[in-house]
Amino acid sequence: MVKGFPIGLVRESYARLARWRSCPGGMAGTLLLTLWLATTAVLADERPVLLVMGDSLSTAYGIEQDAGWVSLLEERLDGSARVVNASISGETSSGGASRLPELIGQHDPDIVLLELGGNDGLRGLPPRQLEANLADMIEVSQEAGAEVLLLGIDIPPNYGQAYRRAFTDVFTRLADTYDTPLIPFLLEGVALEEGMMQDDGIHPTRDAQPIILDNVWPELAALLESNGVELAEATHD
């Protein structure tokens, strides 16, 4: 099977084409059409699959769905890859870890973007718990043959410097341990900038979404290219 498409159908189409000369003229076009459709379906199925596992930062919380950075990513890719956004507002690393195995079985991703941890931090959960959950998600992804991109996050200063350092160190340590690319801070150029955060001070505005995508893009582009995606024509919005 070719990435979810029955290879037997392709072989059958080629076999039919080989018998083309012995068929009545009217059937030749039908056989060629069958072959074209089968080949097109296979090529479309070979596009790499990106699975985004995130929280409200990746669900376009408080803004139009098509304005979120994941939707903008899909637009930028212009069909060269398939994006599956499995993010859920309020999601913790524990919830993501419990959902990921089934999602991998459903979508067979080539790249998994892990954007989780913010809600763990806001709830004051132990950084060790966050690290264990993210480590489990990385291992599950890599064992399934997917590459992982970690999207790091920070928490407000009022949580204390010691907790913030322990929290942010989790992402760096995981990237080193599992040799995965890391975006140190997803909201770089957003979190402290005027007009870039909604009134709650937690969720980015519509205007911030292109900046978030640009933060993710360099590391993601390298993974996409390693998975056969041509990005020579890709430009920033």
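Given the structure is predicted, the values throughout are model-derived calculations rather than measurements.

The rules we used
Residues numbered from 1 in each chain as written. Predicted model: local features only at pLDDT ≥ 70, side-chain atom pairs only at ≥ 80, totals over all residues. Heavy atoms only, no water. Helix = DSSP H or I, 4+ residues; strand = E, 2+ residues; numbered from the N terminus. Buried < 20%, exposed > 50% of the residue type's maximum accessible area, 1.4 Å probe, protein only. Areas by Shrake-Rupley, 256 points an atom, 1.4 Å probe, with all protein chains shown as cover. Salt bridge = Lys/Arg side-chain N within 4 Å of Asp/Glu carboxyl O. Pairing = 2+ DSSP bridges. Right-handed = clockwise from strand over helix to strand, strands pointing away. Contact = heavy atoms within 4.5 Å. Axes fitted to C-alpha atoms, helices over the stretch in contact; angles between N-to-C directions. pLDDT = per-residue confidence, 0-100. Phe/Tyr/Trp six-rings, centres within 6.5 Å; stacked < 30°, edge-to-face > 60°. Lys NZ or Arg CZ within 6 Å of the ring centre and 35° of its normal.

## Points about the overall build of the protein chain
A tally of helices and strands in the protein chain yields 8 helices and 5 strands. Sequence-ordered secondary structure for the protein chain, helices as α and strands as β, is α-α-β-α-β-α-β-α-α-β-α-β-α. Sorting the 237 residues of the protein chain into buried and exposed places 45% on the buried side. Carbon and sulfur atoms make up 52% of the accessible area of the protein chain, which amounts to about 12100 Å² in all.

## Side note on the pattern of salt bridges
Enumeration over the complete set of coordinates arrives at 5 salt bridges. In this structure, the salt-bridge partner of Arg-206 is Glu-64, at a minimum N-O distance of 2.9 Å. Of this pair, Arg-206 sits in the loop between strand 5 (182-183) and helix 8 (209-226) while Glu-64 sits in the loop between strand 1 (49-54) and helix 3 (69-77), and the two are 142 residues apart along the sequence. Overall, the relative accessible area of 45% leaves Arg-206 in the partly exposed class.

## Side note on the pairing of strand 4 (residues 147-151)
Most of strand 4 sits inside the fold, with 4 of its 5 residues counted as buried. Inspection of the sheet shows strand 3 (residues 111-115) paired to strand 4 by 4 bridges, in the parallel sense. Within strand 4, the position partnered with Leu-113 by the bridge is Leu-149. Pairing geometry for strand 4 and strand 5, over 2 bridges, is parallel. When the sheet's bridge partners are listed, Leu-150 is paired in strand 5 with Leu-182. On the question of chirality, the crossover connecting strand 4 to the parallel strand 5 by way of helix 7 (residues 161-178) is right-handed.

## Describing the sheet that holds strand 3
The 5 strands are arranged 2-1-3-4-5 in an open sheet whose pairing can be described as parallel. Two strands bound the open sheet, and with one partner strand each, they are strand 2 (82-85) and strand 5. Of the strands in this sheet, strand 1 and strand 2 touch helix 4 (residues 93-107), which is tilted by about 165 degrees from strand 1. Those strands touched by helix 8 are strand 1, strand 3, strand 4 and strand 5, and its axis lies near 180 degrees from that of strand 4.

## Details of the confidence of the model for the protein chain
Across the protein chain, the average pLDDT comes to 87, with 78% of residues at 70 or higher. Predicted confidence is poor over residues 1-11, with pLDDT under 50, and the contacts of this stretch with residues over four places away or in other chains come to 19 contacts.

## Points about unusual backbone geometry
In this structure, Ala-60 is a non-glycine residue whose phi angle is positive, near 60 degrees. Relative to the helices and strands, Ala-60 resides in the loop between strand 1 and helix 3. With a relative accessible area of 10%, Ala-60 lands in the buried category. Of note in this structure, Asp-108 is not a glycine but carries a positive phi near 45 degrees. Assignment of secondary structure puts Asp-108 in the loop between helix 4 and strand 3.

## Here we look at the packing of aromatic side chains
Using the criterion set out here, one finds 3 aromatic pairs in the structure. Here the aromatic cluster, defined as three or more aromatic residues joined through ring pairs, consists of Tyr-159, Tyr-163, Phe-167 and Phe-171. Note that Arg-76 overlies the ring of Trp-217, its terminal NZ or CZ placed 4.9 Å from the centroid.

## Let's talk about the environment of Glu-193
Mapped onto the elements of the fold, Glu-193 is located in the loop between strand 5 and helix 8. Judged by relative accessible area, which is 45%, Glu-193 ranks as partly exposed. For the pair formed by Glu-193 and Ala-208, sequence separation is 15 residues and the distance between their alpha carbons is 9.3 Å.

## Details of the environment of Leu-149
The topology assignment puts Leu-149 in strand 4. For the pair Leu-149 and Val-216, spaced 67 residues apart in sequence, the C-alpha separation works out to 9.0 Å. With residues up to four places along the chain from it excluded, the contact list for Leu-149 reads Val-112, Leu-113, Leu-114, Pro-181, Leu-182, Ile-183, Val-216, Glu-219, Leu-220 and Leu-223.

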